[in-house]
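Analysis of the macromolecular model
The lines below spell out each chain.
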Amino acid sequence: MRLEMTSAMTPDLTFRHAQPDDADRCYAIEAGAYEGDEAATLAKITKRIREYPLGFLIMERDGQIIGFINSGCAYEVRMSDEEFKELVGHDPRAPNVVIMSVVIAPEHQGKGYSTALMERFIRQMAQAQKSAIHLMCKDRHVALYERFGFRYERPSASDHGGMSWHEMSMAL
């Protein structure tokens, strides 16, 4: 069952695609929200914005960036492919979306904003006629993504950031 968040529940939120000058704020949020080496570098975030702004959804509250989702597209998905995090093999025409980060600034976590962000991203990818969304998450987030409609696939071969991950997907 997917969670639905209506705009009436989040009237102070706006959504838009990333612009090059968003990179520093997005990096600060990513670095503050992720543990150890799992956060993307400023260079990776800058490249993701530059090369696939349509897959980089920004959420703002009162005009300030408080979260984002960034992604790439592939014809064949290999979730443990570290090169893909550099968008090697990315093709915006490919049917499969691969989420690389879902991030809410630490001071805004626990307020339901990730639900609003994820629901908006899923709708945008469906409207873009993508066929599936894939992601990796930690064990503690598996149930959250299942509530959005993602299906558990398998433990991941990735050891990104020295951590264990789980692969999930959603057909659109």
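Here the structure is shown first, and the text comes after it.
Treat the numbers as computed from the prediction; the structure is a model and nothing was measured.

By the element assignment, Ser-169 lies in strand β7 (residues 166–171). With a relative accessible area of 6%, Ser-169 lands in the buried category. A distance of 2.4 Å separates polar atoms of two side chains, one belonging to Ser-169 and the other to Glu-153.

Let us now look at the packing of aromatic side chains. This model, assessed by the stated rule, comprises 3 aromatic pairs. Ring geometry for Tyr-145 and Phe-148: centres 6.1 Å apart, planes at 45°, overall tilted. One end of the pair, Tyr-145, and the other, Phe-148, are both in helix α4 (residues 142–148), 3 residues apart, so they sit about a helical turn from each other. The exposure classification of Tyr-145 matches that of Phe-148, with both residues buried. With a centroid separation of 5.7 Å and an interplanar angle of 80°, the aromatic rings of Tyr-145 and Phe-150 are classed as edge-to-face.

Buried residues dominate strand β4 (residues 96–104), accounting for 9 of its 9 residues. Direction of pairing for strand β3 (residues 64–74) relative to β4: antiparallel, over a ladder of 8 bridges. Bridging from a neighbouring strand, Ile-69 pairs with Val-102 of β4. In this structure, β4 lies alongside strand β5 (residues 132–137), joined through 3 bridges in parallel fashion. Among the inter-strand pairings, Val-98 is bridged to a residue of β5, identified as His-134.

Let's shift gears to the environment of Ile-122. Note on placement: Ile-122 falls in helix α3 (residues 113–127). When its relative accessible area of 2% is taken as the criterion, Ile-122 is described as buried. Considered as a pair, Ile-122 and Ala-132 are 10 residues apart in the sequence and their alpha carbons are 9.5 Å apart.

What counts and how
- Residues numbered from 1 in each chain as written.
- Predicted model: local features only at pLDDT ≥ 70, side-chain atom pairs only at ≥ 80, totals over all residues.
- Heavy atoms only, no water.
- Helix = DSSP H or I, 4+ residues; strand = E, 2+ residues; numbered from the N terminus.
- Buried < 20%, exposed > 50% of the residue type's maximum accessible area, 1.4 Å probe, protein only.
- Polar contact = N/O pair within 3.5 Å; in protein donor to acceptor, adjacent residues only side chain to side chain.
- Phe/Tyr/Trp six-rings, centres within 6.5 Å; stacked < 30°, edge-to-face > 60°.
- Pairing = 2+ DSSP bridges.

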